[in-house]
Amino acid sequence: MKEKYDPQKVELKWQRYWDERRLHKTEMVKSQKKFYCLEMFPYPSGEIHMGHVRNYAIGDVIARYKRMRGYNVLHPMGWDAFGLPAENAAIKHGVHPSEWTYRNIEKMKDQLNRMGLSYDWEREVTTCKPEYYRWNQWVFLKMLERGLVYKKFSYVNWCPSCATVLANEQVIDDRCWRCDNKVNQKKLEQWFFRITEYAEELLQGCDELKGWPERVVLMQRNWIGRGEGVEVDFPVEGMDEHLRIFTTRPDTLFGVTFMCIAPEHPLSEKLVKDKAKLEEIKVKCGKEDEKTGLNSGYYALNPLNGDKIPIYIANFVVMEYGTGAIMSVPAHDQRDFDFARKYDLPVKVVIVPEQKEREAVSPTHPSPWRWESKGGGGNLLSELTEAYEEEGILVDSGQFTGLKSDIARKEITKFIEEKGLGTAVVNYKLRDWGISRQRYWGTPIPVIYCGNCGIVPVPEKDLPLILPENVRFTGKGGSPLLESETFLNTICPICGGNAKRETDTMDTFVDSSWYFIRYCFKKGDIDLPTEFRSPDSEVNYWMPVDQYIGGVEHAVLHLLYSRFFTRVIRDLGLINISEPFQNLLTQGMVIKDGAKMSKSKGNIVDPNYLIEKYGADTARLFSLFAAPPEKDLDWSDKGVEGAHRFLNRVWGIIYKNQFKLQSSKFKIDNISDLQASALRLYRKTHQTMKKVSTDIEREYHFNTAIAAMMELTNEITSFQPESDEDCSVFKFAIEQMLLLLFPFSPHITEELWEAIGNKPGISEQKWPEWDEDAAREDQIELVIQLNGKLRSKTMISQGIPDDEIRKIALEDQKIKEIMGNRKIKKVIVVKGKLVNIVIGE
RNA sequence: GCCGGAGUGGCGGAAUUGGUAGACGCAAGGGACUUAAAAUCCCUCAGAGGAAACUCUGUACCGGUUCAAAUCCGGUCUCCGGCACCA
């Protein structure tokens, strides 16, 4: 063994060792309990960054820990290989996206292996391979059969920089999720997945996500955005038309003073003759702060009270939600209130606060109006200054006057349904998932357009529909596929006539929506449906993923799509689970100088440099030690050195004592034979075994687990073994410490395991089991408080009964002095910990 | 605006069920070794007072519950994240 710890040498040695023995290859063993540990696969940009290091270090500790615990662990890795950067590289450097991508994959794979991650590469998934994306196409066709895919014209989010459309989830603060450029609206014909068909199920399923962080579940719930309400028909005066609106507040129906419809609403075209003015409103839709409207000149009739109310075209009404038309109740909706003030429309109060709330006007939330109570009822004294959006009692609402809001909602809904004026409905904010992308480097959508037959799906037997290689990347105009004559021109599978292919490709989120299922099967070009349906299908053994780890930025996007896809695959009869991810860990960002590490901010730390200078074990250890996994990690160069120092110290202890360690065996006949210092170390070792185990089990608190190992190391350092018994305990402590440290820093522990005279292969050892008796202290420190303040401490034996502890506390010299002869009111004894004596003044 | 989460030394963070606030690490200061430096090892390290024993204050702020509060409750402030004309 060398005196100096040389991480490079050690790490390469053991990486080769693991690789040669294929230690991380996984096979289904039905009798063995399985554990599927998965980290979100990366986009192969060519370089790993600190976010990857952290993500994969967390996953690898879990995988290695679970293996030691006797689980059959599936721990795969792959590549989210389709996507825009490859295409941009093609435009900029003239290298084909395919070549660029595969080159990057090789580079990144080397980097991941250099980190000592225990992946089963024999299950590697690469989404840009036809053997993978053909099944995107296959699922697409199956969904088309079932009406879960459709095409429609619509306004879509268009990123001018990426020259493609984006799904709603992919627009963040009005900007593209990928390139951060401003998104605008464009009318295009697009393919959609009917995810809304699963809205209710995806929402209900949220209750099952017990192993997910609550905030992520909440974000999913909010994104789906269920809203109960009622649709009501308002007849349009002088026309044979009804205006159907949606509201969640039928209790305010008597307060409607005008109607608003979206400019894209079909009725807008009919009501407004001046198309230029209509266009003006259209332009002001979206992010416009100011509410703007156009009086159509037409009136609607309130079906409940017959009021004649004007119809406006308004920029703040969203066509995609509800019916694209609303009833406006300015007294009880702030947006309607603002609009009414601007256009001088009447305001009619139909809800008033309950008596007790009218009286309890708080200074921070002053009531928008003043009330006076006369003979039971309330009278409005002053004008409204803002809308009253709370619950209350109905006034001026015909037969419903006097009811509470919640009851009135039910009653009015019932009334509307009975009279055939409308229906109770449930609306969701979730929209269908637009998957068309006007790009080259993605899965071709398997559809053919025929002049005679219309839209024709590519027959299943013709899959995969391969992305052509011979295309030109100019960076101008649309997708390169539009110019690929060989791809574009085809024959209609039905009539045999000339036809054209769809040139849009699929959103890359389709690829990542089921890759975790693909890992369950063997690599290569396989017939997936056959594999699924085999009675020995591995998918039923491995799925669901037991632990999924990734960034919180996918809280809705990828995680929602994956939950949707898993259900679609279930409904195709291929899998028998609905939720793909049993437990989810969302790791925090890596922060440096107060900001997320990013190229544009120039605060990047290159993992390669880190590995070269300190080694992978240090890089892993630091990223696990500096913060608990779910919190942001503040990068610190000095902290890395601290982690490195720790490993050096462990190395140093073993180097100094290697001969003693090699010759001694752990064999202790009787603990009582041990010297006090040896007993202390022995006990500390068991305590550390317990602490590290429970910290890992308890929400993966690696930072405190590592701190415990550091404490043990400090104790080992200060221990001077003299007798044979000492050496035994010493060796035991070191051996256990190496086992505990192994999942965190696997290379150095392998090396040291061998150095202390063990057979190589710490990775195949069992996780250490602590002995509760050995971990227990026989002496404990008793804290004595007077009136809750710490006044004295004394050592007592473990297991002394409460009344004796009480006596010890009261007889404590220091306590007696402070207490003098003040009266004891009460004595509280907390078992084995603390006594609080309550005394008079 | 609505919905979440957080706020603890100079810094990253501990404190598992309400029971010793500050584990572990970093930085800083002092010392040992060295011709010197680095590395390593030892000591100190929340603030104030004190030679010391020790005392007082202290977990964003104000108040409450309790024998006892970083932890529970009410209110305020700040920061972070998500959603946002969704009727």
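It should be noted that the structure appears before, not after, this text.
The model shown is predicted, which means the values in this text are computed figures rather than measured ones.

Novice: Any details on the sheet that holds strand β33 (residues 779–786)? Residues and values, ideally.
Specialist: Spatially, the four strands line up as an open sheet ordered β34-β33-β36-β35, and their pairing is mixed. The two strands at the open ends of the sheet, each matched to only one other strand, are β34 (789–797) and β35 (824–830). Across the sheet, the mean angle separating the axes of adjacent strands is 20 degrees when strand polarity is ignored. For β33 and strand β36 (residues 834–839), the ladder comprises four bridges, and the chain directions are parallel.

Novice: I'd like a description of the packing of aromatic side chains, backed by residues and values.
Specialist: Considering all chains together, one arrives at 46 aromatic pairs under this definition. On the basis of an interplanar angle of 75 degrees and a centroid distance of 5.6 Å, the ring pair of Phe-140 and Trp-191 is categorised as edge-to-face. Of this pair, Phe-140 sits in helix α5 (residues 130–145) while Trp-191 sits in strand β9 (residues 184–193), and the two are 51 residues apart along the sequence. Each member of the pair, Phe-140 together with Trp-191, is buried. Seen in terms of ring centroids, Phe-193 and Trp-433 are 5.4 Å apart; in terms of plane orientation they differ by 85 degrees. Their pairing is edge-to-face. Remark: Trp-433 occurs in strand β21 (residues 433–434) and Phe-193 occurs in strand β9; sequence separation between them is 240 residues. Since its relative accessible area comes to 0%, Trp-433 is described here as buried. Taken together, the aromatic side chains of Phe-140, Trp-191, Phe-193, Tyr-198, Trp-433, Phe-509, Tyr-561, Phe-564 and Phe-565 make up a single cluster linked through ring pairs.

Novice: Explain helix α7 (residues 214–224) to me, and be specific about the residues and the numbers.
Specialist: Every buried residue of α7 is accounted for by Val-216, Val-217, Gln-220 and Ile-224. Down the axis of α7, the smallest arc covering the buried residues is 100 degrees, so these residues share one side. Set apart from the buried face of α7 by more than 90 degrees, the exposed residues are Glu-214 and Asn-222. The elements touched by buried residues of α7 are α6 (199–205), β10 (226–235), β20 (422–428), α18 (557–571) and β29 (584–587). Where α7 terminates, the next one or two residues include Gly-225, which has phi positive at roughly 55 degrees.

Novice: Report on the nonpolar core, specifying residues and quantitative values.
Specialist: Formed by 182 residues in total, the largest nonpolar core has its most connected members in Trp-433 and Phe-744. When we break this core down by domain, the ones giving at least three residues each are domain 1 (14–128 + 512–544 + 556–563 + 573–593) and domain 2 (136–194 + 432–508). Among the nonpolar cores identified, the runner-up in size contains 34 residues, and Met-259, Ile-261, Leu-278 and Leu-304 belong to it.

Novice: Could you give an account of the state of the cysteines, naming the residues involved and the relevant values?
Specialist: Taken as a whole and assessed by the stated rule, the structure comprises zero disulfides. Cysteine Cys-453 is unpaired, with the sulfur of Cys-495 as its nearest cysteine sulfur at 3.7 Å. Cys-520 forms no disulfide, and the closest cysteine sulfur to it belongs to Cys-37, at a distance of 13 Å.

Novice: Residues and numbers for the sheet that holds strand β13 (residues 293–301), please.
Specialist: Strand order in this open sheet of four strands is β13-β14-β12-β15, and the pairing throughout is mixed. With one partner strand each, in any of the chains shown, β13 and β15 (325–328) form the two edges of the open sheet. Here the average twist between neighbouring strands, direction ignored, is 25 degrees. With three bridges joining them, strand β12 (residues 258–261) and strand β14 (residues 308–314) adopt parallel strand pairing. Within β14, the residue paired with Met-259 across the bridge is Ile-311. On top of the sheet, helix α9 (residues 275–283) reaches β13 and β14; it is set at about 105 degrees to β13, its chief contact. The sheet strands contacting helix α10 (residues 334–343) are β12, β13, β14 and β15, and the helix crosses β12 at an angle near 105 degrees.

The rules behind the values
- Residues numbered from 1 in each chain as written.
- Chains lettered and ligands numbered in written order.
- Predicted model: local features only at pLDDT ≥ 70, side-chain atom pairs only at ≥ 80, totals over all residues.
- Heavy atoms only, no water.
- Pairing = 2+ DSSP bridges.
- Helix = DSSP H or I, 4+ residues; strand = E, 2+ residues; numbered from the N terminus.
- Axes fitted to C-alpha atoms, helices over the stretch in contact; angles between N-to-C directions.
- Phe/Tyr/Trp six-rings, centres within 6.5 Å; stacked < 30°, edge-to-face > 60°.
- Buried < 20%, exposed > 50% of the residue type's maximum accessible area, 1.4 Å probe, protein only.
- Arc of directions from axis to C-beta.
- Contact = heavy atoms within 4.5 Å.
- Core = buried A, V, L, I, M, F, W, Y, C linked by side-chain atoms within 4.5 Å.
- Domains from an automatic or database assignment.
- Disulfide = S-S within 2.5 Å.

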